[in-house]
Amino acid sequence: MKFFIDTANLDQIREAQNLGVIDGVTTNPSLMAKEGITGRDNILKHYVDICKIVDGDVSAEVIATDFEGMVKEGEQLADLHPQIVVKVPMIKEGVKAIKYFSDRGIRTNCTLVFSAGQALLAAKAGATYVSPFIGRLDDISTDGLNLIAEIRLIYDNYGFETQILAASVRHTMHVLECAKIGADVMTGPLSSIEGLLNHPLTDIGLEKFLADYKKGN
Ligand code: G3P
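Overview of the structure. (Residues numbered from 1 in each chain as written. Predicted model: local features only at pLDDT ≥ 70, side-chain atom pairs only at ≥ 80, totals over all residues. Heavy atoms only, no water.)

Focus on the sheet that holds strand E7 (residues 163–166)
Consideration 1: Overall, parallel pairing links the 8 strands, which are arranged E1-E2-E3-E4-E5-E6-E7-E8 in a closed barrel. Between one strand axis and the next, the sheet turns by 30 degrees as a mean value, whatever way the strands run.
Consideration 2: Here 4 bridges tie strand E4 (residues 84–89) to strand E5 (residues 108–113), and the two strands are oriented parallel to one another. Counterpart to Pro-89 in the pairing with E5 is Thr-111. (Pairing = 2+ DSSP bridges. Helix = DSSP H or I, 4+ residues; strand = E, 2+ residues; numbered from the N terminus. Axes fitted to C-alpha atoms, helices over the stretch in contact; angles between N-to-C directions.)

Listed below in structure tokens is the structure:
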């Protein structure tokens with residue numbers, strides 16, 4: 001299972017990279033805005049800065065919603081750095097763009113996926129990753145993890161190579177349940193990854209080991 005960090009914050013990305021278990025980064029226009037990164041040139045530079053920090057894939061989202069615009073923007077993004085994966089929304093023009101990119105060897109991440117049907121379309125179009133937003137489904141009292149399970153079943157039925165990138169992950173239990181279901185990747189905040197570290201018995205056990213060591217030394 002790959003771990004991506006879902007942020008545009010360079011300090012957090014550095015911290016995650018230093019932990020040694022991060023396989024990539026996802027961003028979106030909201031996360032860029034949160035960091036105060038505005039203007040096309042600054043945004044493009046920021047993507048390159050992220051690529052310099054991490055070793056793995058970095059998703060960069062197109063803003064255009066028409067086919068020609070997505071193709072133009074996507075090609076520009078893909079040219080920025082070999083680690084860039086072009087993030088395309090799950091709309092009709094987006095499906096066409098994913099197919100276009102797939103035919104030309106440009107990797108894509110189909111974003112804003114909220115149903116198994118959308119995930120099936122993304123796979124048919126040749127998306128490298130599909131991003132079902134589990135947290136946002138949970139937010140409206142719909143089981144986000146069930147969607148991951150449905151997509152896993154469908155992809156396995158037909159051997160689709162599109163990787164399931166569980167997005168909108170909010171906490172450690174999302175990560176664990178996605179791992180059990182067999183999501184290929186999860187993307188979430190650093191807290192959802194670092195939270196996996198925690199267990200009171202680890203802390204108590206370590207405290208006792210160190211105390212016993214001190215007794216004999
Ligand atoms: O990767 C998608 C993600 O950025 C959405 O997360 O927490 O805004 O639903 P959230």
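Structure shown, so let's carry the discussion forward.
Observations regarding the packing of aromatic side chains
Consideration 1: Within this structure, the stated rule accounts for 6 aromatic pairs.
Consideration 2: Taking the centre distance of 5.7 Å and the plane angle of 65 degrees together, the rings of Tyr-155 and Phe-160 count as edge-to-face.
Consideration 3: When its relative accessible area of 1% is taken as the criterion, Tyr-155 is described as buried.
Consideration 4: Their ring planes at 50 degrees and their centres at 6.2 Å tell us that Tyr-158 and Phe-160 sit as a pair that is tilted. (Phe/Tyr/Trp six-rings, centres within 6.5 Å; stacked < 30°, edge-to-face > 60°. Buried < 20%, exposed > 50% of the residue type's maximum accessible area, 1.4 Å probe, protein only.)

Some thoughts on the pairing of strand E3 (residues 57–61)
Look at any regular strand and the pattern is simple: side chains alternate between the two faces of the sheet.
Consideration 1: Taken across its 5 residues, E3 has 5 buried, putting it largely inside the fold.
Consideration 2: The side-chain alternation of E3 yields two buried faces, one formed by Asp-57, Ser-59 and Glu-61 and the other by Val-58 and Ala-60.
Consideration 3: Here 3 bridges tie strand E2 (residues 24–26) to E3, and the two strands are oriented parallel to one another. Within the sheet, the bridge partner assigned to Val-25 lies in E3 and is Val-58.

Side note on the packing of helix H3 (residues 40–53) against helix H4 (residues 67–80)
Each packed pair of helices is defined by two parameters, the angle between the axes and the distance between the axes.
Consideration 1: In contact at an axis separation of 9 Å, H3 and H4 are set at 40 degrees when each is read in the N-to-C sense. By the angle between their directions, the pair H3 and H4 is classed as oblique. You can see that H3 and H4 cross each other, and the crossing is right-handed. Contact residues: H3 offers Arg-40, Leu-44, Tyr-47 and Val-48, while H4 offers Glu-73, Gln-76, Leu-77 and Leu-80.
Consideration 2: For the contact of H3 with H4, the class distribution of residues is 5 nonpolar, 1 polar and 2 charged. (Parallel < 35°, antiparallel > 145°, perpendicular 65-115°, else oblique. Left-handed = near helix turned anticlockwise from the far one by under 90°. Contact = heavy atoms within 4.5 Å. Nonpolar A, V, L, I, M, F, W, Y, C, P; charged D, E, K, R; others polar.)

A few points about the site of the ligand
Consideration 1: Neighbouring residues of the ligand: Asp-6, Asn-28, Phe-133, Arg-136, Ala-167, Ser-168, Arg-170 and Thr-187.
Consideration 2: A distance of 2.6 Å separates an oxygen atom of the ligand from a polar atom in the side chain of Asp-6.
Consideration 3: Asn-28 is positioned such that a nitrogen or oxygen atom in its side chain is 2.8 Å from an oxygen atom of the ligand.
Consideration 4: Protein burial of the ligand: of its 310 Å² of free accessible surface, 82% is covered by the chains.
Consideration 5: Within the shell around the ligand, the residues separate by chemical class into 2 nonpolar, 3 polar and 3 charged. (Near = heavy atom within 4 Å. Polar contact = N/O pair within 3.5 Å; in protein donor to acceptor, adjacent residues only side chain to side chain. Areas by Shrake-Rupley, 256 points an atom, 1.4 Å probe, with all protein chains shown as cover.)

Section: the pairing of strand E6 (residues 129–132)
Consideration 1: The two faces of E6 match: Tyr-129 and Ser-131 on one face and Val-130 and Pro-132 on the other face are all buried.
Consideration 2: Inspection of the sheet shows E5 paired to E6 by 3 bridges, in the parallel sense. Opposite Asn-109, over in E6, you have Tyr-129 as the bridge partner.
Consideration 3: Of the crossover connections in this fold, the one passing from E5 over helix H6 (residues 116–125) to the parallel E6 is right-handed.
Consideration 4: Looking at chain direction, E6 and E7 are connected through 2 bridges and run parallel. Among the inter-strand pairings, Val-130 is bridged to a residue of E7, identified as Ile-164. (Right-handed = clockwise from strand over helix to strand, strands pointing away.)

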